[in-house]
Amino acid sequence: MTASAEIAQESLLWSDETLGLHVVADPSGSVRLTGDGRPWDCLVPLVEVILTGHGRTWSGERFIDTTVGSRLVLRGHKTVQDRQWRRTTISLTDPDTGLAADVTLSTVPGEGFVRSQVRLVNEGDAPLHLEGISILTLGGITDGEKGLDGLTLHWADNDWLAECRWRQATFRDQVVPLSRTAHGHEGRGCFERSSQGSWSTGRHLPLGALTGGAGGAWLWQIESSAGWRYETGEREGAAYLALFGPDDAHHQWRQTLAQGAEFTTVPAVLVHTESGGLDAAFGELTAYRRHIRRTHPDHTALPVIYNDYMNTLMGDPTTDKLLPLIEAAGAAGAEVFVIDAGWYDDDAQGWWDAVGAWEPAGRRFPGGIQEVLDAIRRHGMTPGLWLEPEVVGVRSRLALTLPDEAFFRRGGVRLTEHGRHHLDLRHPAARAHLDRVIDRIVGEWGVGYLKLDYNINAGPGTENGSESAGAGLLGHHRAHLDWLTSLLDRYSGLVLENCGSGGLRMDYAQLAVTQLQSTSDQQDPLRYPPIAAAAATAVAPEQAAVWAYPQPHFDLDEIAFTMTTALLGRVHLSGFLDRMDEEQLALVRSGIDLYKRIRPAIGSARPFWPLGLPGWEDSWLAHGLHGEATTYLALWRRDVVNDETAAQKPSSGVRGIRIPHLRGNRLDPQVLYPTGAGATATWDAIDGTLTTSLPRVNTAVLLSLDHTEQ
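Per the secondary structure count, the protein includes 15 helices and 39 strands. Over its C-alpha atoms the protein spans a radius of gyration of 26 Å, differing by no more than 12% from the 27 Å that the globule rule assigns to 710 residues. When each of the 710 residues of the protein is scored for burial, the buried share is 62%. For the protein, long-range pairs separated by at least 24 residues make up 68% of all intrachain contacts whose partners lie at least 6 apart in sequence.

In structure tokens form, the structure reads like this:
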């Protein structure tokens, strides 16, 4: 039977022409998500569920081919349309266990993404023990006539100081052909990536992609701060994809559903574009991120933030050190001034393992912290403070006064990691403590910006009674998101920055609530560009906080280099501005002035990478944002010094950059910043190539490309 004839016998439950995807049911009631004309055998059940006592039909590393998934049958579906979203819920049931599954697929008409979330309910007579649930599955992925040989797999490694490092390999390099016809079985392995512990992005980003040679792309994102995993492999001559939240094998997550109990997975999204490759797919993902996040009062303002930490006070603020920085930051054009770590440090043994009370240090602020906060306001800026709310130092008085149940525990023992205990925000005492802290800092002191950091990996989670550690972690993080939401409900003008030792908790569970995301703690200005340039893969540009830390010992090229790195995201200014000469300050101020002119366009523009996603050692890097009338392009030329080797051989100062989406347009390339770098740019509309010249190494520029069709 041909694929088209087979599809004709199936019942269409859901369809999206922009995505080219359909949900179909066969005559037995089994349901699959499919592309156009895909053979049924290569598809995957719409939901895969691993229950204790009901595992898989083919054992291995894969989390597909589950017994329950193969038994789930259709019992109904419905569609609801609101002002923005079209939501279709497909209801399935397992006749053997009584497990019901509602799969909700959400789309925005005309956009190239679908969001999925699964709700399970135990309608049977006996408890069910969940060990893993897919959020979204898809089979039948190929590159047309090239099949699997034409597919490329993309994933992102993530680490402290080295975030957003994208890798790629041919699909066949990772999933080798096994002579399916000779063995009569699929392989047992797959390509997988997953999180570990409470740093959701401590190893990898919860993103991945498959692309084809003709420019088509499948791109996915999982939205979880408490465990995630994805896998792709071969099934009947095509690739499949399966996205998961936490599971037992990787995250010690198990959930018991008593009779009538329910569980809802974390969300995930799938993007599909027919052309344009990763750039087009990340453009769609950026649009999706803007649809799901909370609307904030300042969502288009993008105020310039000065933070005293990076390469400056480094956790040692005092009134005497802050006052000149406040004056200089205000004069440079900053609109928020954040006092980072150390403002609470009044402990002779150091503050790291004594945090938790979040009271100002008297010895640091002899006139009181309000003196400094008032100075920030007098210079026209909103005061901000750093907090690490989820931890309590082992030497803090809170470690003795809060009950054991308010902390993470495993085996009945309170968790200790790097000198800290971890609060469980499901406990009313833990939440009441933090509410009192915020009401004092925001409500009484008038702080309008909070940098919320997270500097320990708490491992698999917490065990409260009979619950698994992974279930405890998910429960805490859902309570944490609820707490963050309550702060923004209570203080409508409050701005929250999500930080996780830089970018180690950079996920859209957090970013659907908070306004900003710290992208890195990287202190080397030459190492930051590949992080900053790739940040828009993980974060919408207007949420990506990037450090710009010009220093008085920098020459003008170095100042312009670090400033340019931040101009297409959210500027996190730092550095000893109070010690600079007038020429240096003028260069900083001109960068901030330019940012204020272009920032209204950042929140609606889509990212692109005309030199490809940046490599860690690349000499030339490029990252752009394109809107309806203007394209902005940041360009870096650098010679990176490795720890073990000498500097790379200097690259040529001229680089041709193809920008296919602007081909055929008349462009007037302009060097916006810095204007004195000697950079030039010319445009060939026929070829779609921008030829740029940066005559000196370790320089960077921001260009504008105003365009009209010829």
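Past the structure itself, the notes keep going.
Along the chain, Asp-308 turns up in the loop between strand E20 (305-307) and helix H7 (309-313). Notably, Asp-308 is buried but unbridged: the nearest opposite-charge side chain belongs to Lys-451, and the N-O separation is 8.2 Å. At 3.3 Å, the side chain of Asp-308 and the backbone nitrogen of Asp-340 are in polar contact. Apart from residues lying up to four places away in sequence, Asp-308 is in contact with Leu-313, Met-314, Pro-317, Leu-322, Phe-337, Val-338, Ile-339, Asp-340 and Ser-574.

Mapped onto the secondary structure, Glu-48 falls in the loop between strand E3 (31-35) and strand E4 (49-51). Among buried charged residues, Glu-48 stands out as having no salt bridge; its nearest opposite-charge side chain is Arg-235, 5.8 Å away. Within the structure, the side chain of Glu-48 is placed 2.5 Å from the side chain of Thr-66, a separation counted as a polar contact. Leave out the neighbours within four places in its chain, and Glu-48 touches Phe-63, Ile-64, Asp-65, Thr-66, Gly-69, Gly-132, Ile-133, Ser-134 and Thr-137.

A few words now on the pattern of salt bridges. Per the counting criterion, the structure on display carries 43 salt bridges. For the salt bridge of Arg-167 with Asp-157, the shortest nitrogen-to-oxygen distance reads 3.0 Å. On the criterion of sequence distance, the pair formed by Arg-167 in strand E11 (residues 165-170) and Asp-157 in strand E10 (residues 152-157) is long-range, its members being ten residues apart. When its relative accessible area of 14% is taken as the criterion, Asp-157 is described as buried. Between Glu-234 and Arg-172 there is a salt bridge, with its nearest N and O atoms 2.9 Å apart. Note that Glu-234 is positioned in strand E15 (residues 229-235) and Arg-172 in helix H3 (residues 171-174), a separation of 62 residues in sequence. Judged by its relative accessible area of 14%, Glu-234 is buried.

Our next topic: the layout of surface pockets. Counted as a void, the largest pocket has a volume near 500 Å³. What lines the largest pocket is a set of 22 residues, and nearest its centre among them are Gly-276, Leu-278, Asp-279, Trp-609 and Pro-610. Secondary-structure elements contributing two or more residues to the lining of the largest pocket are E11, helix H6 (277-292) and strand E32 (606-608). Partitioned by chemical class, the residues of the lining of the largest pocket number eleven nonpolar, seven polar and four charged.

Attention now moves to empty space enclosed by the protein. Counted by the stated rule, this structure contains six cavities of 30 Å³ or more. Volume-wise, the largest cavity comes out at about 80 Å³. Considering the residues around the largest cavity, the lining is formed by Ala-532, Ala-535, Ala-536, Pro-541, Ala-544, Val-546, Thr-565, Leu-568, Gly-569, His-623 and Trp-636. Elements that contribute at least two residues to the lining of the largest cavity include exactly helix H13 (528-538) and strand E30 (544-548). At three residues, the largest contribution of residues to the lining of the largest cavity is made by H13. Along the lines of polarity and charge, the residues of the lining of the largest cavity split into eight nonpolar, three polar and no charged.

The next thing to look at is the nonpolar core. In terms of nonpolar packing, the biggest core is built from 101 residues, with Phe-337, Trp-343, Ile-441, Leu-450 and Leu-573 touching the most fellow members. In terms of residues, this core owes the most to one element, helix H15 (residues 582-602), which gives eight residues. Contacts of Leu-573, omitting those with residues within four sequence positions, involve Ile-305, Tyr-306, Asn-307, Ala-332, Ala-548, Pro-550, Met-563, Val-588 and Ile-592.

Turning next to the confidence of the model for the protein. Looking at the protein, the pLDDT average stands at 95 and 96% of residues meet or exceed 70. The low-confidence segment residues 1-9, where pLDDT is below 50, has ten contacts with residues more than four positions distant or belonging to other chains. Of the regions scoring below 50 in pLDDT, residues 644-648 engages in six contacts with residues more than four places distant in sequence or in other chains.

Counted under the stated rule, the structure contains 20 aromatic pairs. With centroids separated by 5.3 Å and ring planes inclined at 80 degrees, the aromatic side chains of Tyr-344 and Trp-351 adopt a geometry described as edge-to-face. The structure contains a cluster of three or more aromatic residues connected by ring pairs, namely Trp-343, Tyr-344, Trp-351, Trp-352, Trp-358, Trp-386 and Trp-445. Above the ring of Tyr-454, the side-chain terminus of Arg-505 is found at 3.8 Å from the ring centroid. The positively charged end of Arg-579 is found above the aromatic ring belonging to Phe-576, 3.8 Å away from the centroid.

The rules we used
Residues numbered from 1 in each chain as written. Predicted model: local features only at pLDDT ≥ 70, side-chain atom pairs only at ≥ 80, totals over all residues. Heavy atoms only, no water. Helix = DSSP H or I, 4+ residues; strand = E, 2+ residues; numbered from the N terminus. Rg over C-alpha atoms; globule rule 2.2 N^0.38 Å. Buried < 20%, exposed > 50% of the residue type's maximum accessible area, 1.4 Å probe, protein only. Contact = heavy atoms within 4.5 Å. Lys, Arg positive; Asp, Glu negative; His and termini not counted. Salt bridge = Lys/Arg side-chain N within 4 Å of Asp/Glu carboxyl O. Polar contact = N/O pair within 3.5 Å; in protein donor to acceptor, adjacent residues only side chain to side chain. 1 Å grid on protein atoms, 1.4 Å probe; cavity = no way out; pocket = protein on both sides within 12 Å on 5 of 7 lines; lining within 4 Å. Points joined across faces, edges and corners; volume = space filled by probe spheres on them. Nonpolar A, V, L, I, M, F, W, Y, C, P; charged D, E, K, R; others polar. Core = buried A, V, L, I, M, F, W, Y, C linked by side-chain atoms within 4.5 Å. pLDDT = per-residue confidence, 0-100. Phe/Tyr/Trp six-rings, centres within 6.5 Å; stacked < 30°, edge-to-face > 60°. Lys NZ or Arg CZ within 6 Å of the ring centre and 35° of its normal.

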